[in-house]
Amino acid sequence: MAPRIDGRLGQTEQNNEDAHTSKAATPSKPRLASAETEEQRTGGSKSSFRLSRAGRALRRVSAALRGAPAPISLPVWRRRTLREGATSEANHIACRQGPASTPESNAKVAPLSIDQLDGCTTSQRVQQWLWALVALGITVRVVRYLLRFPLWGDEAFIAANFLERGYADLLRPLEYHQVSPILFLWVELSVVRLLGFTEWTLRLFPTVCSILSVVLMAHVASRLLSGAARLFPVAVFSVAYYPIRHGGEVKAYAIDLFVALVLLALAIEWWRAPRRIGWLVTLAAVVPLAIGLSLPAVFVAGGISLALLAPLWQQRRRSAWCIWFAYNVLLVASFGVVFFGVVAAQYEREFASSMKACWDLAFPPWRQPLRLMAWLAEAHTGRMFAYPAGGKNGGSTLTLVWFVVAIVFLWRHRRRVIVAMALLPMALALVAAAAQRYPYGFSARTMQYLAPTICLLAGLGAAVMIGWIRSLETRRRVLHAALVVLFAIGIGFIVRDLLQPYKTIYDWKDRAFAVWLWTDKAHDAELVCAKTDLGLDFFPGCFEWGHSAIYLCNQRIYSPRHRRGPRPIDWSAIRDDHPLRCVVYSIPGMPCDKAALDRWLADMQRRYRLVDHQRHLLNADSTWYHEQIELYDFVPKPGVARGQKPAGLAGTHAAARAAAQSAQTR
């Protein structure tokens, strides 16, 4: 493609060249060669130079008096340089988009455009597509939120910590072997206390962050790209499965993504306009909040810090360097406070007990070079790059190809700071994985902090590859077909969620049973839980792992008497037609304290009669979701005063509470 050069400058140069040509062609007075001396030749050339300079000055004055732009006249060597340099790609971009931001200029870095795509559609149609994709991304997330999926295991593990704990209690190691940033826990607890403990309130904060991420991604894409090129990053992000799924879960993964996108957006704003120092100040001020909300945000913040070194060096402004130094001090200090003050104790315990086994594949075998190469290939073509879709065993290879194409495109177009912002967080995370401190790859949920850059560059790479198609008509058709396919993926997610509003069928069965148990079975009895109401645990370890967390959370949500927390048992309401119904939860195969169970039954039957015993097996076709619920119905024996507690129950309850508090303190 021939480079486009400023029309006025090119026309002026042509006029000047024509003028010189016409002067050279004008006949002069004949001169004798024998009479010509060196002084005459030198004097003649100096005189013509003075005349031409005077002529140029007169033309400028005349143009100024007429109000027209003054003609530009450049030396011959300058014209030659412009003509030769205009053939390069860098000068073509400069002529098309304007100068890049330099220390001497306040001009913003212009968004990149792909000419081949801009010719396929109008700017108005691009804007319509952009807003349609943003609306689709928001709609998919809102529909999933309103469908109120039943809690599944990982969500319940975190949610169970909000049942009885306060703000200070969340600073201690969490139950169910969880590790989570403290500010996320405090926000979740605040929402639960204000609005109640339900699936909607538990997922409200992650869903809001997920919706805001869609809007922010459109903003970031528009800052870096223009024309049709910005549609694909927004489309990939809006319909990608993992941001949608984790955006509606009671986990910090959606917050990891949102915080990383906020840090990236602030860094890009300052990079585009370095003279506006307020963006850098805001970036420094946001860092402590980001670390408190998201633990892996330290990789994104550290990568951004290193990426900004080049523009800072070009700026050579003392104020910018001071803010950058304060940014790094706040980054290190906030991470030190959060990790060593809150997370370290629970992290070390959980890492030693369970996380190392779960994350073993996510640590690179750096001492074995051949295995390391295969590991890196598998990590970067698996779920880590599954945007908008993909999977393990090379299922995301196409996304990686798009990502690499975008890296090369940005590097050639001198957007190397953006390349650094994308790659340096990955490098820092890889170092942490080599030290076996945080997993890398093999799981999309633990890598959500990289989702914004992966979606951004994957979308750009796809747009670049469509631009390689030579035929304009074919290119237009492929462009619109790709957008329609991505749009259809988002619609497909909505339809699937409407038809299957749960993660697994076992979660749906657990919730359906909880509704029946805590609502229907409470109509004709005083329904109590042996664990939460009586403080009895006949299956040691049962409430430390497994699906007992789902049982506890569903009890709080669907039991009228537990909705506001455990309440005193109304012993006076127990009679022959309204028995005391005790619920004992267990997981088949777990060890049972048979002596404690027999002792409790003996104490109960001193004053009460056991009139019914039911056993319900849940999800018997699954070993992982297999659960057991036992119901014991007691009525007072003849002669027992109404409202009298069973023998030995108070002492057992107090001892269990004391033991539980002691275990939490340890």
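Just so it is clear, the structure is predicted and the values come from calculations on it, not from any experiment.

Chemist: Let's hear about the overall build of the protein chain: which residues, and what values?
Modeler: In terms of regular secondary structure, the protein chain is built from 25 helices and four strands. When burial is assessed residue by residue, the protein chain has 49% of its 666 residues classed as buried. The contacts of the protein chain with a sequence gap of at least 6 include a subset with a gap of at least 24, amounting to 77%. Of the roughly 31,900 Å² of accessible surface on the protein chain, a fraction of 62% belongs to carbon and sulfur atoms.

Chemist: Lay out the packing of helix 12 (residues 253–272) against helix 20 (residues 451–467) in plain terms, naming residues and giving numbers.
Modeler: In contact at an axis separation of 8 Å, helix 12 and helix 20 are set at 65 degrees when each is read in the N-to-C sense. Residue-level contacts link L257, A260, L261 and L264 of helix 12 to A451, P452 and T453 of helix 20.

Chemist: So what about helix 21 (residues 472–499)? Which residues, and what values?
Modeler: Helix length check: helix 21 (28 residues) gives 40 Å between terminal C-alpha atoms against 40 Å at 1.5 Å per residue, within 8%. Among the residues of helix 21, those classed as buried are R475, L479, L483, L486, G490, F493, I494 and D497. Those residues of helix 21 that are buried lie in contact with helix 5 (115–118), helix 6 (123–146), helix 10 (231–239), helix 11 (241–246) and helix 20.

Chemist: Pulling in residues and values, what's your account of the side chain of Q178?
Modeler: With respect to the element layout, Q178 can be found in the loop between helix 7 (153–159) and helix 8 (182–195). For Q178, a relative accessible area of 7% gives the class buried. Within polar-contact distance, the side chain of Q178 engages the backbone oxygen of Y176 at 3.0 Å. A polar side-chain atom of Q178 sits 2.8 Å from a polar atom in the side chain of K251.

Chemist: Go over the pairing of strand 2 (residues 580–586) with me, naming the residues and quoting the values.
Modeler: Burial of strand 2 is extensive: seven of the seven residues sit out of reach of the surface. Alternating residues of strand 2 divide into L580, C582, V584 and S586 and R581, V583 and Y585, and every residue in both groups is buried. Note that strand 1 (residues 526–529) and strand 2 share four bridges and pair parallel. Along strand 2, the bridge assignment pairs L527 with R581. Pairing of strand 2 with strand 4 (residues 627–636) involves seven bridges; the strand directions are antiparallel. Within strand 4, the residue paired with V584 across the bridge is E630.

Chemist: Requested: an account of unusual backbone geometry, with residues and values cited.
Modeler: Residues Y387 and P388 are joined by a peptide bond in cis, for which omega reads 0 degrees. By the secondary structure assignment, P388 is in the loop between helix 17 (369–380) and helix 18 (397–412). At Y176, a position not held by glycine, the phi torsion is positive, near 60 degrees. When you line up the elements, Y176 lands in the loop between helix 7 and helix 8. The phi torsion at F442 lies on the positive side, around 65 degrees, for a residue other than glycine. Turning to its location among the elements, F442 is positioned in the loop between helix 19 (416–434) and helix 20. What makes F442 partly exposed here is its relative accessible area of 22%.

Chemist: Can you tell me about the packing of aromatic side chains, naming the residues and giving the values?
Modeler: Centre-to-centre distance and the angle between the planes together describe a pair of aromatic rings. In total, this model carries 24 aromatic pairs according to the counting rule given. Taking the centre distance of 5.6 Å and the plane angle of 50 degrees together, the rings of Y502 and W508 count as tilted. Its relative accessible area of 18% is what places Y502 among the buried residues. Here a set of aromatic residues connected by ring pairs shows up, and it is made of W518, F543, Y551 and Y585. A cation over a ring is seen here: R316 above W313, with NZ or CZ 4.5 Å from the ring centre. Residue placement shows K503 over the ring face of W152; its charged tip is 4.2 Å from the ring centre.

Chemist: Pulling in residues and values, what's your account of the pattern of salt bridges?
Modeler: Under the definition given, this model contains 21 salt bridges. Salt-bridge contacts for R245 lead to E249; the nearest nitrogen and oxygen are separated by 3.1 Å. Here R245 matches E249 in class, with each residue buried. Residues participating in the shared-partner salt-bridge network are R144, R496 and D497.

Chemist: Tell me about the packing of helix 10 against helix 20, residues and numbers included.
Modeler: Contact geometry for helix 10 and helix 20: axes closest at 7 Å, N-to-C directions at 130 degrees. As judged from the angle between their axes, helix 10 and helix 20 are oblique. Considering only the axes of helix 10 and helix 20, their crossing is right-handed. Along its contact with helix 10, which presents F232, P233, V236 and F237, the element helix 20 presents C455, L456, G459, L460, A463 and I466. Of the residues assigned to the contact of helix 10 with helix 20, the class counts are nine nonpolar, one polar and no charged.

Chemist: Which residues make up helix 8, and what values go with them?
Modeler: Between its first and last C-alpha atoms helix 8 spans 20 Å; for 14 residues at 1.5 Å apiece the expected length is 20 Å, and the two agree. Listed as buried for helix 8 are I182, F184, L185, E188, L189, V191 and V192. Taken from the residues just after helix 8, G196 is the one with a positive phi, measuring 100 degrees.

Conventions adopted
- Residues numbered from 1 in each chain as written.
- Predicted model: local features only at pLDDT ≥ 70, side-chain atom pairs only at ≥ 80, totals over all residues.
- Heavy atoms only, no water.
- Helix = DSSP H or I, 4+ residues; strand = E, 2+ residues; numbered from the N terminus.
- Buried < 20%, exposed > 50% of the residue type's maximum accessible area, 1.4 Å probe, protein only.
- Contact = heavy atoms within 4.5 Å.
- Areas by Shrake-Rupley, 256 points an atom, 1.4 Å probe, with all protein chains shown as cover.
- Axes fitted to C-alpha atoms, helices over the stretch in contact; angles between N-to-C directions.
- Expected span 1.5 Å × (residues − 1).
- Polar contact = N/O pair within 3.5 Å; in protein donor to acceptor, adjacent residues only side chain to side chain.
- Pairing = 2+ DSSP bridges.
- Phe/Tyr/Trp six-rings, centres within 6.5 Å; stacked < 30°, edge-to-face > 60°.
- Lys NZ or Arg CZ within 6 Å of the ring centre and 35° of its normal.
- Salt bridge = Lys/Arg side-chain N within 4 Å of Asp/Glu carboxyl O.
- Parallel < 35°, antiparallel > 145°, perpendicular 65-115°, else oblique.
- Left-handed = near helix turned anticlockwise from the far one by under 90°.
- Nonpolar A, V, L, I, M, F, W, Y, C, P; charged D, E, K, R; others polar.

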